[in-house]
Amino acid sequence: MEKAVIETPAGFTGVCWTGAGLVVLNLPAPTVDEAELELRPVLDRLPSRTSGGVAGEGGGIDVKRLESEISQYFRGRRVDLSFPVDWSYFTEFRRKVLEKVYAVPWGQVVSYGRIAVEVGSPGGARAVGGAVGSNRVLLVVPCHRVIAHDGTLGGFGSGLDWKRRLLRIEGIDI
DNA sequence: CTAACTAAACCTA
DNA sequence: TAGGTTTAGTTAG
């Protein structure tokens, strides 16, 4: 597992990855120390892999490009953030949900219920809430673009203020 | 295995 | 619109 702290206009964000892709990407913190500190509890709670391990660590992530694109994001530029994700730490259901979320483009939103239908669990909107709540690869897996059916915010692990702020960057006022 | 959680949605009044 | 009911998956015991 590789680690780094990258600098963005919004602060310092901690990142972890394997040869397969990103495992953790936190929201920006005010200082490098805080960014590193916030990485620890996430890694401690990382569940064991559900699918096979990865051969050859250390390829995967172009950290400079990541830093550049995340910075662009916080400057309000439309970026894809199409970096590889290491899905192997998620259960089957959560992986399916988060892969659908991964595909939601900048500036667009989806409801929990719609994702539930898309992964073949109609009526499982609440379970989808649990799944997106387990996302640790913020921004790259844009779980902030998942909102409630009635157009209200729903929830967000890092606080609704962050969710509102991220959506606002993308031109969505809720 | 059951019970108790969710970042939900629906139905009814 | 408010309030209760139903829902699917995960996790703790």
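What counts as what
Residues numbered from 1 in each chain as written. Chains lettered and ligands numbered in written order. Predicted model: local features only at pLDDT ≥ 70, side-chain atom pairs only at ≥ 80, totals over all residues. Heavy atoms only, no water. Near = heavy atom within 4 Å. Polar contact = N/O pair within 3.5 Å; in protein donor to acceptor, adjacent residues only side chain to side chain. Helix = DSSP H or I, 4+ residues; strand = E, 2+ residues; numbered from the N terminus. Nonpolar A, V, L, I, M, F, W, Y, C, P; charged D, E, K, R; others polar. Domains from an automatic or database assignment. Contact = heavy atoms within 4.5 Å. Buried area = accessible area lost by both parts, 1.4 Å probe. Salt bridge = Lys/Arg side-chain N within 4 Å of Asp/Glu carboxyl O.

## Observations regarding the protein's contact with DNA strand C
Next, step 1: DNA strand C sits among Thr91, Phe93, Arg94, Ser121, Gly123, Gly124, Arg126 and Ala127.
Next, step 2: Taking all atoms of DNA strand C within 4 Å of the protein, the share assigned to sugar and phosphate is 82%.
Next, step 3: Between a phosphate oxygen of DNA strand C and a side-chain N or O atom of Ser121, the distance comes to 3.0 Å.
Next, step 4: At the level of secondary structure, the elements contributing two or more residues to the surface near DNA strand C comprise α3 (92–102) and α5 (125–133).
Next, step 5: The residue inventory of the surface near DNA strand C, partitioned by class, reads two nonpolar, four polar and two charged.

## Some words on the protein's contact with DNA strand B
Next, step 1: With respect to spatial proximity, 14 residues lie near DNA strand B, and among them Tyr112, Gly113, Arg126, His149 and Gly155 are the closest.
Next, step 2: Close to the protein, within 4 Å, the atoms of DNA strand B are drawn from sugar and phosphate at a rate of 41%.
Next, step 3: A distance of 3.0 Å is found between a base nitrogen of DNA strand B and a side-chain nitrogen or oxygen belonging to Tyr112.
Next, step 4: Between DNA strand B and the protein, one listed contact pairs a base nitrogen with a backbone N or O atom of Gly157 at 3.3 Å.
Next, step 5: At the level of elements, α4 (112–118) and α5 are the ones that each hand at least two residues to the surface near DNA strand B.
Next, step 6: The leading source of residues in the surface near DNA strand B is α5, at five residues.

## A short note on the domain arrangement of chain A
Next, step 1: Partitioning chain A into structural domains gives domain 1 (2–74) and domain 2 (92–169).
Next, step 2: Taking only C-alpha atoms, the centre of domain 1 and the centre of domain 2 are 20 Å apart.
Next, step 3: Each partner contributes residues to the interface: domain 1 has 13 residues there, and domain 2 has 14 residues.
Next, step 4: Counting the surface domain 1 buries against domain 2, the share from its top three residues, Leu25, Leu27 and Tyr73, is 54%.
Next, step 5: Counting across the domain 1 and domain 2 interface gives zero salt bridges.
Next, step 6: Where domain 1 packs against domain 2, one counts four residue pairs in polar contact (both at pLDDT 80 or more).

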